[in-house]
Amino acid sequence: MMTIRPACLSLTLAAVLTLPPTHAAGPAKDRPVVPSPYENKPVPAGSTVWYCAYGGGASISCRLGDAGSPDAQRFTQAVSARLPQAVHEILNAPAALADDVVWIPLLTVPLDMELVGELAEAVMCGAKPMCGVIFGESPTRLSELVMQYETTRLSGIAAGASLSVASLYY
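This text gives an overview of the structure that appears in the document. In this text, all values refer to a predicted model and were calculated from it rather than measured experimentally. (Residues numbered from 1 in each chain as written. Predicted model: local features only at pLDDT ≥ 70, side-chain atom pairs only at ≥ 80, totals over all residues. Heavy atoms only, no water.)

A closer look at the environment of A45
The condition is simple: Each helix is a run of H or I in the DSSP string that is no shorter than four residues. Each strand is a run of E no shorter than two, and both are numbered from the N terminus. To sort residues, take the accessible area from a 1.4 Å probe on protein chains only and compare it with the maximum for the residue type: under 20% means buried, over 50% means exposed, and anything in between is partly exposed.
Note on placement: A45 falls in the loop between helix 1 (6-17) and strand 1 (48-54). Using a relative accessible area of 37% as the deciding quantity, one classes A45 as partly exposed.

A word on the sheet that holds strand 1
To be explicit about the condition: Only strands that DSSP links by at least two bridges are regarded as paired with each other. Lines are fitted to the C-alpha atoms to define the axes, a helix being fitted only along its stretch in contact, and any angle between axes, read from their N-to-C directions, falls within 0 to 180 degrees. Contacts: residue pairs with any heavy atoms within 4.5 Å of one another.
On the basis of which strands lie adjacent, the open sheet formed by four strands has the order 3-2-1-4 and mixed pairing. Strand pairing shows two members of the sheet lacking a second neighbour, strand 3 (102-105) and strand 4 (131-136), which therefore form its edges. Each adjacent strand pair in this sheet contributes to an overall mean axis angle of 30°, direction not counted. Pairing analysis gives six bridges linking strand 1 to strand 4, with the strands arranged parallel. What sits directly across from V49, in strand 4, is G132. On the sheet, helix 4 (residues 113-125) packs against strand 1, strand 2 (59-66), strand 3 and strand 4 and is oriented at approximately 145° with respect to strand 4.

A short note on the side chain of K128
Rule in force here: All tallies of charge rest on Lys and Arg as positive and Asp and Glu as negative; His and the ends of each chain are not included. Between Lys or Arg on one side and Asp or Glu on the other, a salt bridge is scored when a side-chain nitrogen of the former is within 4 Å of a carboxyl oxygen of the latter.
When you line up the elements, K128 lands in the loop between helix 4 and strand 4. One buried charged residue, K128, forms no salt bridge at all, with the nearest opposite charge on D66 at 11 Å. Not counting residues within four places of it along the chain, the set of residues in contact with K128 comprises T48, A72, F75, Q77 and L91.

Remarks on helix 3 (residues 85-92)
Cut-off, in case you're wondering: Think of the arc as the fan of directions from the helix axis to the C-beta atoms.
The set of residues buried in helix 3 consists of V87, I90 and L91. Along the long axis of helix 3, the arc covered by the buried residues comes to 85°, so they all point the same way.

As for the pairing of strand 4
Most of strand 4 is tucked away: six of the six residues are buried. The alternating pattern of strand 4 places C131, V133 and F135 and G132, I134 and G136 on opposite faces, both of which are buried.

Section: the environment of D100
Turning to its location among the elements, D100 is positioned in the loop between helix 3 and strand 3. On a C-alpha basis, the gap between D100 and L64 in space is 7.9 Å, while along the polypeptide they are 36 residues apart. Setting aside anything within four residues of it in sequence, one finds D100 in contact with C62 and R63.

Quick word on the pairing of strand 1
Summarising burial for strand 1: seven of the seven residues are buried, a large majority. Pairing analysis gives six bridges linking strand 1 to strand 2, with the strands arranged antiparallel. Each bridged residue has a counterpart across the sheet, and for V49 the counterpart in strand 2 is D66. Hairpin remark: strand 1 followed by strand 2, antiparallel, with four residues in the connecting loop; positive phi at G56, about 100°.

Section: the state of the cysteines
To keep things clear, this is the line we draw: When two cysteine sulfur atoms are found within 2.5 Å, that pair is recorded as a disulfide.
Using the criterion set out here, one finds two disulfides in the structure. Each disulfide pairs two cysteine sulfurs, and for C125 the partner residue is C131, the sulfurs being separated by 2.1 Å. In this structure, the disulfide formed by C125 and C131 twists by about -70° around the S-S bond and is classed as left-handed. Pair check on accessibility: C125 and C131 agree, each one buried. In the chain, the bonded cysteines, taken in the order they occur along the sequence, pair up as 1-2, 3-4.

Points about the environment of W103
With respect to the helices, strands and loops of the structure, W103 is situated in strand 3. Among the residues examined, W103 registers a relative accessible area of 57% and is labelled exposed. Separated by 51 residues in sequence, W103 and C52 place their C-alpha atoms 9.3 Å apart. Leave out the neighbours within four places in its chain, and W103 touches S59, I60 and S61.

Functional significance is not addressed by these values, which are geometric in nature.
And the structure:
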């Protein structure tokens with residue numbers, strides 16, 4: 001079984017994904033950096049959901065939106081004993097962090113929000129199939145996305161239908 005180490009994974013992912021592309025558009029120093037927005041992925045019904053935002057500076061803040069159904073909570077990941085207890089809780093017992101803010105440090109102020117959103121997803125969900133992150137490029141944008149998500153989720157629950165949020169964000 002593969003052991004996921006979120007802290008190492010996030011740093012490796014951030015380092016690899018920030019490498020400049022090597023296509024024939026000329027030297028990297030001559031190409032402008034074009035930031036990409038993060039596109040939220042659909043969140044399967046019953047999943048653990050984290051609300052994360054970049055608020056400026058060099059960190060991402062995340063809060064638990066929903067611990068998920070019992071099916072989502074049954075899936076556990078092997079986590080190295082050397083990692084902090086918070087990592088174990090994030091991946092295997094998110095309800096324990098219901099009233100806490102989880103801070104993900106960044107090495108610098110980001111230019112590309114797509115990478116920041118992917119980092120938040122990698123840290124908060126690891127390899128869990130029933131886990132999702134709703135990421136906003138600012139706290140204001142996150143609040144808009146959470147309102148959309150919760151409205152759709154609650155109307156789906158009221159109607160007794162399974163939740164489909166494939167086209168929720170755009």
